[in-house]
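Topology and contacts: notes
If you want the building blocks of each chain, they are given just below.
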Amino acid sequence: MKKKLIACAMLSLGALNISCTNNYIKNNSVLEYIPSDTPILFAQLKPYSAVELMKGFEDNGVYTVWTEEMANDLKPLRHSTEPNLVMAYHLIEPLLEHLGDPAKLFELTGMADNQPWYVYSIGLIPVSKAPIANETVFWQYIDTAAEKANVSYETATLEGHSYRRYKLSNEVSSQYADHLIVSVRDGMATMTLEGDALGSTTAMALGFEKPTSSLANSDILSELTDKYPLAKNNIGYIDFQRIVGAVTMAEDSALNRHLVAVAQDDRGTKSMLADFGSDACSTDLNSVAANWPRLVIGQEVDVSAGEVSTQITLETHNQVILGALQSLQGHIPDYVGNKDNLFSMALGIDAGNIASAVTTIVEDLQQPSYRCERLADIQGHIAREDISKVHIITPFVTGLKGFSMALFAAEEESFDAMAAFSADDVGFLIDIYQAFEPELAALRPAINGETIDITNELAHDFANQSVFAKGSTSHLALFSGEHATRTVETLDNKLTPSDALLQITFDYAPLYDLYASFTDVETDSRKNSRSAPPVPEFPRINTRDEILFGFDDNGITLQSTTQF
């Protein structure tokens, strides 16, 4: 817990800034000291102003809510009997206080804007690097936190460079990371941990000792930036191969050496290394990691355009499972992504492929038969799962390519919205379903292009609002309102396969206002009803967001775009 909080403070400092270009990878002096086998990395390779970005969110109320919630969570630390926990609190507290005034935040900490930062690990030891604009102010910021926490430090030197070692704990259990190292050198502040039991990584963290292989002289970053366009700007990854290689004793890395050192006194770690280090588990786990090597994050921040784009990819080389997942992606109509939608959602699923995809995935997860006991147990559970029910529904959903909906506008007594089903042959599906719901036969004229009024057919009373249906061979839409009427006319019979399985877009502020107004009406009309929903307590954020989830050639992806 204690080390996590100190690490949190380090990450908070590191997360204040950013920078650079593609050539930066090979010519970056910091990257020369980051081991290529680091299991975790977050770095920014293109500059932007964090101050200007944060200003873009100033009026959204986000910072007020974050500050209040996090301050409440951190309050127990302020009165802790552990000095290092109190120091962590006082490092984070001023950051929270000035989130709404980013220029003041940077001024208070001495940090530099529009410059690179890095967070990574050397084995188990976290390292955070952030640029400094005013070294004197930075040390005042650190001194204030240390003094309030009554945490002392000693000055150490390395090749003539002075840095500070703050004593974190006197407990024997903290021997793996019992000192916080703080240094400023060449305009870069470095914060890391140090413990005698793990051997010192301080020289490498401070830039005095180069690893045998670094990110600067390896192809890791260049390959990732070529594969993921957004990673050319800001990149992050968690390397499962490095982690698995360390816990299975398959590779001699800093992480492996640290785990072995911890295992000398920690029974849980010792037992884990013994189990995973067996021949059977080492072979099987490294095979799994080779198929699912990394979680990769790429992000681009365009302050002038007011847009942040992020892509998270769980990489896989398992073409069988990936192919099965991709076969599920059906059709998402273009209207779902329109900028004037208040809210829209689409599940573009090729329902006829669900059974075959599930069967393929379940069969592949059982091959090869693992010898590692823990993996074999998982395979046993999978083998016992009954997936026959999935095949039963296949005849009823074959040809269905997706479902979508959008809300364009809404008031107290009316709405402008639509919902649509997409299929190879909508009429064929209606013929099947009307055997169970004869009322569906009334939709037949709609498939032929007629606009029919279905208000009286609906169970819900829409008061003065009329609801219509209209469709074609490939779509059946239910709609009401002028905007929805126009949008229905844009649906065509060309069902282009989608690059995503799920798409969601929403204009947050208008939706918030809409929900709040409906809540007020509902509360006024039912003052004595306990079921009336409360006014939302979350902030009114002036952003427009789009979220895409799906499968591409690199793996399972989650993409988001936020405009502010």
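Higher on the page you've got the structure.
These lines cover the structure that appears in this document, whether it is placed above or below. (Residues numbered from 1 in each chain as written. Predicted model: local features only at pLDDT ≥ 70, side-chain atom pairs only at ≥ 80, totals over all residues. Heavy atoms only, no water.)

Regarding its fold elements, the protein chain presents 21 helices and 19 strands. Of all 564 residues assigned to the protein chain, the portion counted as buried reaches 50%. (Helix = DSSP H or I, 4+ residues; strand = E, 2+ residues; numbered from the N terminus. Buried < 20%, exposed > 50% of the residue type's maximum accessible area, 1.4 Å probe, protein only.)

The next point concerns the packing of helix 17 (residues 388-397) against helix 18 (residues 426-433). As a packed pair, helix 17 and helix 18 sit with axes 9 Å apart at the nearest point and diverge in direction by 120 degrees. Considering their axes alone, helix 17 and helix 18 lie oblique with respect to each other. The segment helix 17 lies against helix 18, with Pro395, Phe396 and Val397 engaging Leu429, Ile432 and Tyr433. Residues of the contact of helix 17 with helix 18, tallied by class, amount to six nonpolar, no polar and no charged. (Axes fitted to C-alpha atoms, helices over the stretch in contact; angles between N-to-C directions. Parallel < 35°, antiparallel > 145°, perpendicular 65-115°, else oblique. Contact = heavy atoms within 4.5 Å. Nonpolar A, V, L, I, M, F, W, Y, C, P; charged D, E, K, R; others polar.)

Turning our attention to the nonpolar core. Membership of the largest hydrophobic core comes to 48 residues, with the highest contact counts inside it found for Met87, Phe138, Ile142, Tyr166 and Leu180. The element best represented in this core is helix 5 (residues 83-97), accounting for eight residues. Tyr166 has contacts with Met87, Trp139, Ile142, Asp143, Ala146, Val151, Ser152, Tyr153, Asp178, His179, Leu180 and Val182, leaving out every residue within four places of it along the chain. Of all hydrophobic cores here, the second largest spans 24 residues; its members include Ile34, Leu45, Tyr118 and Ala205. (Core = buried A, V, L, I, M, F, W, Y, C linked by side-chain atoms within 4.5 Å.)

Within a regular strand, side chains alternate between the sheet's two faces. The element strand 2 (residues 118-122) is largely enclosed, with a buried count of five among its five residues. Residues of strand 2 alternate between two faces, with Tyr118, Tyr120 and Ile122 on one and Val119 and Ser121 on the opposite face, all of them buried. Summarising the sheet, strand 1 (residues 40-44) and strand 2 pair through three bridges and their orientation is antiparallel. Paired with Phe42 across the bridge in strand 2 is Val119. (Pairing = 2+ DSSP bridges.)

Turning our attention to a nonpolar patch on the surface. A cluster of nonpolar side chains, namely Ile392, Ile393, Phe396 and Phe436, defines an oily patch on the protein surface of about 410 Å² accessible area. Secondary-structure assignment places Ile392 in helix 17. (Patch = residues over 30% accessible without salt bridge, like charges linked within 9 Å, V, L, I, M, F, W, Y side chains within 5 Å. Areas by Shrake-Rupley, 256 points an atom, 1.4 Å probe, with all protein chains shown as cover. Salt bridge = Lys/Arg side-chain N within 4 Å of Asp/Glu carboxyl O.)

Moving on: the packing of aromatic side chains. For the structure on display, the rule yields six aromatic pairs. Its guanidinium or amino end placed over the ring of Tyr153, Arg164 lies 4.4 Å from that ring's centre, counting from NZ or CZ. Arg185 extends its terminal NZ or CZ atom over the ring of Phe208, reaching a point 3.9 Å from the ring centre. (Phe/Tyr/Trp six-rings, centres within 6.5 Å; stacked < 30°, edge-to-face > 60°. Lys NZ or Arg CZ within 6 Å of the ring centre and 35° of its normal.)

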